[in-house]
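# Examination of the molecular architecture
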Amino acid sequence: MSRPGTTRRESTGERLTRFARESGIPLLRIGLGVVYLWFGVLKLFPGGSPAQDLVERTVSALTFGIVHGDLARLSAAIPEIGIALVLLSFRAPRLTAVLLVGHVVLVSTPLVLFPGEMWSGPLQASFEAQYILKNLVTVAAAVVIASSHPRVR
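Because the structure is predicted, anything quoted here is derived from the model rather than measured. Numbering of residues starts from 1 in every chain and runs along the sequence as written. Totals for whole chains, interfaces and linings use every residue, but because this is a predicted model, local features are given only for residues with pLDDT of at least 70 and side-chain atom pairs only at 80 or more, for both listing and counting. Only heavy atoms go into the side-chain values, all of them from the structure, while hydrogens and water stay out.

### Quick word on the overall build of the chain
Filter applied, for reference: Helix and strand definitions follow DSSP, with helices as H or I runs of at least four residues and strands as E runs of at least two, each counted in order from the N terminus. Restricting the calculation to C-alpha atoms gives the radius of gyration, and the globule rule supplies 2.2 Å times the number of residues raised to the power 0.38. The classification of residues rests on relative accessible area computed with a 1.4 Å probe and restricted to protein chains. Under 20% of the type maximum is buried, over 50% is exposed, and intermediate values are partly exposed. Throughout, a residue-residue contact means that at least one pair of heavy atoms, one from each residue, lies within 4.5 Å. Only the protein chains shown count as cover for residues, with accessible areas throughout obtained via the Shrake-Rupley method and a probe of 1.4 Å. This count recognises Lys and Arg as positive and Asp and Glu as negative, with His and chain-terminal groups excluded. Lys charges are placed at NZ, Arg charges at CZ, Asp charges at CG and Glu charges at CD.
The helix and strand tally for the chain stands at 8 helices and 2 strands. For the chain, the succession of helices and strands along the chain, N to C, is α-α-α-α-α-α-β-β-α-α. Compactness check: the chain gives a C-alpha radius of gyration of 20 Å against a globular reference of 15 Å for 153 residues, more than 25% above the reference. When the backbone C-alpha atoms are referred to their principal axes, the chain occupies close to 75 × 35 × 35 Å. A buried classification covers 29% of the 153 residues belonging to the chain. Put simply, 65% of the contacts in the chain that link residues at least 6 apart link residues at least 24 apart. For the chain, the accessible area works out to roughly 10100 Å², and carbon and sulfur atoms hold 69% of it. In the chain, which carries 15 positive and 9 negative side-chain charges, the distance between the mean positions of the two groups comes to 18 Å.

Structure below.
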C-alpha cells in the first residue's frame, strides 16, 4: 500500500494492459493491411497466387462469365490492394469496416457457388473452404476497427 502523496509504480500487468489498449487497433490495422497488400499484390501476377484458379472461377460465376481470366484476377487484386491502403492509412475506420465486411462476403461466395469442392460432408470443409472461413476473423476485426471511431454527438 502506498502512502498519501506518493505514486505507485505501475505493475507489469498494468503496463501490458495499457500497451494492449493503446496499440491493439493500430496493430490490427497494420496486420490486416500487410496481409491484404501481400495477397493483393500476388494476384497482380499470373500464377502468383495459390488462389488464382478459385478467384478467376468465382469472379466469372458472379459476373455470369463476362469477366474471366486475367481481368477476373485483377478485379480481385485491385480492391484488396485498395483495402490495404485504407487500413494502412489509419483513416476512415467505419469505411474500412464496410470494405472488409463487403470483401469477406464476396470471397465467401465459393462456399455456395462450388459446394462440391468446398464440402466433403457436414462440417467437413476442404482446405480452400477453411481458407475462406478464416475470414470470419476479418469480420470481427472490422467491428473492432469500426468501434475505434470516436462517437459524434
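### Observations concerning the pattern of salt bridges
Worth spelling out the cut-off: Put simply, a salt bridge is a Lys or Arg side-chain nitrogen that is within 4 Å of an Asp or Glu carboxyl oxygen.
Inspection of the entire model under this criterion finds 7 salt bridges. Residues R57 and D53 are paired through a salt bridge, measuring 3.0 Å at the closest nitrogen-oxygen approach. Of this pair, R57 and D53 both sit in helix α2 (residues 52-62), 4 residues apart, which is roughly one turn of that helix. Take D53: its relative accessible area is 48%, and that puts it in the partly exposed class.

### Focus on the nonpolar core
Here is the rule: By nonpolar core is meant a set of buried Ala, Val, Leu, Ile, Met, Phe, Trp, Tyr and Cys residues that side-chain atoms within 4.5 Å join together.
Of all hydrophobic cores here, the largest spans 11 residues; its members are L32, Y36, I83, A84, L87, A97, L100, V104, A141, A142 and I145. Within the residue set of this core, elements represented by two or more residues are α1 (12-43), α3 (69-89), α4 (93-107) and α8 (136-147). The contacts of L87, once residues within four sequence positions are left out, are R29, L32, G33, Y36, T96, L100 and I145.

### Concerning the environment of E80
This is how the line gets drawn: Any N or O atom pair separated by 3.5 Å or less is treated as a polar contact, with the protein-specific requirement of one donor-capable and one acceptor-capable atom, and with residues adjacent in sequence counted only for side-chain atom pairs.
Among the secondary structure elements, E80 is positioned in helix α3. Put simply, E80 and W38 are 42 residues apart on the chain and 8.9 Å apart in space, counted from C-alpha to C-alpha. Ignoring any residue separated from it by four or fewer positions in sequence, one finds E80 in contact with Y36, F39, G40, K43 and H103. At 3.3 Å, the side chain of E80 and the backbone nitrogen of G40 are in polar contact.

### Re α1
Basically, it comes down to this: The span one expects for a helix is its residue count, reduced by one, times 1.5 Å. Bend is computed residue by residue as the angle between axes fitted to the seven residues ending at the residue and the seven residues starting at it.
Helix length check: α1, at 32 residues, gives a terminal C-alpha distance of 43 Å against a target of 46 Å (1.5 Å per residue), a fit within 8%. A bend of about 50° at S23 is the largest found in α1, and the proline P26 appears one to four places after it. Burial in α1 covers these residues: S23, R29, L32, G33, Y36, G40 and K43. Against the buried residues of α1 lie α2, α3, α4 and α8.

### Some words on the UniProt feature "transmembrane region" (unreviewed entry) in the chain
Condition: UniProt positions are given in the numbering used here, feature names are shortened, and annotations may be inferred rather than shown by experiment.
What UniProt calls "transmembrane region" (unreviewed entry) maps, in this numbering, to residues 27-45, 65-88, 95-114 and 129-147. Helix and strand shares over residues 27-45 are 89% and 0% respectively, and the end C-alpha atoms of the span are 28 Å apart. Between the end C-alpha atoms of residues 95-114 there is a gap of 30 Å, over a span that is 85% helix and 0% strand.

### Details of the packing of aromatic side chains
Stated formally: Stacked, tilted and edge-to-face are the three classes assigned to paired rings of Phe, Tyr and Trp, where Trp is represented by its six-membered ring and a pair needs centres within 6.5 Å; plane angles under 30 degrees give stacked, over 60 edge-to-face, the rest tilted. Definition used: whenever NZ (Lys) or CZ (Arg) falls within 6 Å of the ring centre and also within 35 degrees of the ring normal, the charge is taken to sit over that ring.
A complete count under the given rule lists 1 aromatic pair for this structure. Considering the side-chain rings of F39 and Y131, the 6.3 Å spacing of their centres and the 25° angle between planes classify their relative orientation as stacked. Taken together, the residues F39 in helix α1 and Y131 in helix α7 (residues 127-133) connect sequence positions 92 residues apart. Taking relative accessible area as the criterion, F39 reaches 27% and is therefore assigned partly exposed. In this structure, K134 is placed above the aromatic ring of Y131, and the distance from its NZ or CZ to the ring centre is 4.8 Å.

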